[in-house]
Amino acid sequence: MKVLLIGTGSVGEAIALVAARRPWLEQMVLADFNLDRALEVQNKLGDPTRYPAEKVDARDVANMVALAGKYKVDLIMSAVNCNVNNFIFDAAYEADCRYMDMALGDLGANMGKYLLDRTEKWEKKGLLAIIGMGMDPGVSDIFAKYAEKHLFDEIDEVGIRDGAAMEVKGYPFAPTFSVYDAIEECTDPALVWEQDKGWYNVPPFSDPEIFPFPEGIGHLEVVNVEHDEVALVPRWVKCRKVTFKYALGDLFTNVMNTLKILGLNSYEPIDVKGVSVVPIDVVAALLPDPAKIGPMMTGKTCVGTFVSGWKDGKPRKVYLYQSTDNQQSMKNFGIQAVSLQTGTGPVIAMELLAKGIWQGKGVLGPEAFDPDPYLALMPEYDFPYGMVEM
């Protein structure tokens, strides 16, 4: 398989380094607006032929179509902010390529709408787009599908629950993933889906509960946060309710609330002494780069799917999860845990596409596919999953 990777930030780097160890990958084009960053990742990989580096503008459809044609790629992978996914998606369609991303653009129930509304066009052309195929969304959605297939007769709730016991030394506040994504998710209204109500919004950080995370992470308070699984899971998994809750902590929620109050979460330019400045860009520039903080990080991160319902006439609750230790991820790949966890998710899906195990047409979420071959591959990637009865 030949892949055009749009974006070589911390997660894009993880995708490239994880895929490098798999024989199905023939070539991965490292494309970034910052060519120096793409070259930095290429240098880590040490194979410029298998990993050519190119400058790209993710808002320029013609630019991406030209690169796809130049390298005759099979798949275009978005590893940039989801706000530009529509352009990359359109480029894949024009280039007759498959498409994959790790997050959905837009807000609330409209997340992914631009892409999902075009599924008929993609079907007619015989092309496949897999949307929301990262860690969460992505692996978390596959856990939900696995639970529906194997563990439950009826599902009451699918609840994604994320938590971590991590510290970034030297930084009182340091998001471990995209600063832009963190701010957007935590300042937008959260989304909930119920069978009888459909999608509806609730305040961010609402409805706190204590969740018992495994792997020594412990009991943490989780709260409602806007996330893509709530927009995707109900389309392909039969259940009565879908939620997403994240263990953020008081400092994180206080910072997010302050940014929103001050308008520092805005993408609208403002004039500062004659200079046009985008507020969220200022915040991102002041915070540490998630791609560079791995050596300062310690601890574990855990992403999982809590499912409650009925099996053989009896109530059942389980938590399917994947936990990554930062010390191990730095040792094995030189990448911090959250980036490695997120980047491994789509690479396994790429392998299933490359081998013809996952097939389809149109615009589909991870839940639309058989979860079994995905979970079977996870240990091969040193990416094991666990399950606890609750």
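An account of the accompanying structure is given in this report. What you see is a predicted model, and the numbers here were worked out from it, not measured in a lab. (Residues numbered from 1 in each chain as written. Predicted model: local features only at pLDDT ≥ 70, side-chain atom pairs only at ≥ 80, totals over all residues. Heavy atoms only, no water.)

1. Description of the overall build of the protein
Argument step 1. The number of helices and strands found in the protein is 14 helices and 18 strands.
Argument step 2. Its C-alpha atoms give the protein a radius of gyration of 20 Å, within 12% of the compact-globule value 21 Å for 390 residues.
Argument step 3. A principal-axis box enclosing the C-alpha atoms of the protein has dimensions of 55 × 55 × 40 Å.
Argument step 4. The buried share of the protein, taken over its 390 residues, is 57%.
Argument step 5. Contacts in the protein between residues far apart in sequence, at least 24 positions, make up 72% of those at least 6 positions apart. (Helix = DSSP H or I, 4+ residues; strand = E, 2+ residues; numbered from the N terminus. Rg over C-alpha atoms; globule rule 2.2 N^0.38 Å. Buried < 20%, exposed > 50% of the residue type's maximum accessible area, 1.4 Å probe, protein only. Contact = heavy atoms within 4.5 Å.)

2. What about the side chain of Gln-27?
Argument step 1. Residue position: Gln-27 is located in strand 2 (residues 27–32).
Argument step 2. Reaching out from Gln-27, the side chain makes a polar contact with the backbone oxygen of Thr-49 at a distance of 2.9 Å.
Argument step 3. The contacts of Gln-27, once residues within four sequence positions are left out, are Met-1, Lys-2, Val-3, Thr-49, Arg-50, Pro-52 and Tyr-71. (Polar contact = N/O pair within 3.5 Å; in protein donor to acceptor, adjacent residues only side chain to side chain.)

3. Remarks on the packing of helix 8 (residues 179–187) against helix 10 (residues 250–262)
Argument step 1. Taken N-terminus to C-terminus, the directions of helix 8 and helix 10 make an angle of 85 degrees; their axes are 10 Å apart at the nearest point. The orientation of helix 8 relative to helix 10 falls into the category roughly perpendicular. In this structure, helix 8 uses Ala-182, Ile-183, Cys-186 and Thr-187 to contact helix 10, whose residues at the interface are Phe-252, Met-256, Leu-259 and Lys-260.
Argument step 2. Its residues placed into classes, the contact of helix 8 with helix 10 shows 6 nonpolar, 1 polar and 1 charged. (Axes fitted to C-alpha atoms, helices over the stretch in contact; angles between N-to-C directions. Parallel < 35°, antiparallel > 145°, perpendicular 65-115°, else oblique. Nonpolar A, V, L, I, M, F, W, Y, C, P; charged D, E, K, R; others polar.)

4. Structural notes on the nonpolar core
Argument step 1. Ranked by size, the top nonpolar core spans 120 residues in total, and within it Ile-15, Met-28, Met-350, Trp-358 and Tyr-374 carry the most contacts.
Argument step 2. Looking at this core element by element, the count peaks at 8 residues for helix 13 (residues 337–354).
Argument step 3. In this structure Tyr-374 touches Met-133, Val-139, Ile-142, Thr-344, Gly-345, Ile-348, Ala-349, Leu-352 and Trp-358, once residues within four positions along its chain are discounted.
Argument step 4. Core analysis: the second largest hydrophobic core is formed by 9 residues, Phe-213, Val-222, Phe-306 and Tyr-321 among them. (Core = buried A, V, L, I, M, F, W, Y, C linked by side-chain atoms within 4.5 Å.)

5. Notes on the environment of Leu-251
Argument step 1. Note on placement: Leu-251 falls in helix 10.
Argument step 2. For Leu-251, a relative accessible area of 48% translates into the label partly exposed.
Argument step 3. When the C-alpha atoms of Leu-251 and Gly-345 are compared, they prove to be 29 Å apart, with 94 residues separating the residues in sequence.
Argument step 4. Sequence-distant contacts of Leu-251, that is, excluding residues within four places in its chain, are made with Pro-172 and Phe-173.

6. Overview of helix 9 (residues 229–236)
Argument step 1. Taken across its 8 residues, helix 9 has 6 buried, putting it largely inside the fold.
Argument step 2. The set of residues buried in helix 9 consists of Glu-229, Val-230, Ala-231, Leu-232, Val-233 and Pro-234.
Argument step 3. Tucked inside the fold, the buried residues of helix 9 contact helix 7 (139–151), strand 7 (154–168), strand 8 (190–194), strand 9 (198–202) and strand 12 (241–246).

7. A short note on the sheet that holds strand 5 (residues 98–100)
Paired through their backbone hydrogen bonds, the strands of a sheet run either parallel or antiparallel.
Argument step 1. Judged by pairing direction, the sheet is parallel, and its 7 strands sit side by side in the order 3-2-1-4-5-6-17 without closing on themselves. Each edge of the open sheet is held by one strand with a lone partner, namely strand 3 (53–55) and strand 17 (362–364). Shown here is a sheet whose adjacent strand axes are inclined to one another by a mean of 20 degrees, direction ignored.
Argument step 2. Note that strand 2 and strand 3 share 3 bridges and pair parallel. When the bridges of strand 3 are listed, Ala-31 appears paired with Glu-54.
Argument step 3. Contacts between helix 13 and the sheet are confined to strand 1 (2–6), strand 2, strand 4 (75–78), strand 5 and strand 6 (128–130), with strand 5 contributing the most and set at about 160 degrees to the helix. (Pairing = 2+ DSSP bridges.)

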